[in-house]
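Now for the letters of each chain:
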Amino acid sequence: AQKVTQAQTEISVVEKEDVTLDCVYETRDTTYYLFWYKQPPSGELVFLIRRNSFDEQNEISGRYSWNFQKSTSSFNFTITASQVVDSAVYFCALSEARNAGNMLTFGGGTRLMVKP
Amino acid sequence: DVKVTQSSRYLVKRTGEKVFLECVQDMDHENMFWYRQDPGLGLRLIYFSYDVKMKEKGDIPEGYSVSREKKERFSLILESASTNQTSMYLCASSSPGRNTGELFFGEGSRLTVL
């Protein structure tokens, strides 16, 4: 069975600080996908990134970066120079390829609060 | 602007009532999903539909059923609501293929069962 753990339930930072959201996953499959989603106060989850298990290259998109390490089964998300608009709940998720990558298992979420 | 629309943002129902949650997407997506979101538990999949009239159980289907008579519409039904079904319900859709796993979500329906 697959499982995603986000140990940090809530993080509070001051604007311009860097923050890393942790994600640890478990799966028996060798082919799988990892995701991050953002849920702002409006409630609508927004897709941020997808990684497949064969691509361990880190990715950077503006202030966002993701660190995928198969050796530790982790897929961590870093926001550099955080802003108030980054305040949201962030979810890490996993999908196994045998489900055609469609049935996602989500972690419990991390609530990020960025204070001005 | 692509959209997943859930019929009600907030509902209050009584124990034993039948509850319908409606979801419509305008992206011609094959896949549609119902998730339940509870604090600390994240999102848990209730049901998944990959085509009209097709459905698969997710992780927590007990107490729920679904209906997909048209491609754009996916309904979640609580036959006899109970207080432990008080939760936020999220509908999502996606298209299979190279954008696999990229789900588009509605704003959610917060259900309170008294």
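Above: the structure in question.
Now for a quick tour of the structure. Since the model is a prediction, treat every value here as computed from it, not as a measurement. (Residues numbered from 1 in each chain as written. Chains lettered and ligands numbered in written order. Predicted model: local features only at pLDDT ≥ 70, side-chain atom pairs only at ≥ 80, totals over all residues. Heavy atoms only, no water.)

Here asparagine 31 of chain B is to be found in strand β4 (residues 31–38). Residue class for asparagine 31 of chain B comes out buried when judged on its relative accessible area of 3%. If near-sequence neighbours (up to four positions away) are discounted, asparagine 31 of chain B is found in contact with Asn102 of chain A together with Phe48, Ser49, Tyr50, Arg68, Ala92, Ser93, Ser94, Ser95 and Pro96 of chain B. (Helix = DSSP H or I, 4+ residues; strand = E, 2+ residues; numbered from the N terminus. Buried < 20%, exposed > 50% of the residue type's maximum accessible area, 1.4 Å probe, protein only. Contact = heavy atoms within 4.5 Å.)

Moving on to the packing of aromatic side chains. Residues and elements named next belong to chain A. The full count for this structure, using the stated rule, is 20 aromatic pairs over all chains. Measuring from ring centre to ring centre gives 6.4 Å for phenylalanine 35 and tyrosine 37, while their planes differ by 40°; the resulting arrangement is tilted. We note that phenylalanine 35, like tyrosine 37, is buried. Relative to phenylalanine 47, the ring of tyrosine 37 has its centre 5.7 Å away and its plane inclined at 70°; by these criteria the two rings are edge-to-face. In this pair, tyrosine 37 sits in strand β5 (residues 32–39) while phenylalanine 47 sits in strand β6 (residues 46–52), placing the two residues 10 residues apart along the sequence. Since its relative accessible area comes to 0%, tyrosine 37 is described here as buried. (Phe/Tyr/Trp six-rings, centres within 6.5 Å; stacked < 30°, edge-to-face > 60°.)

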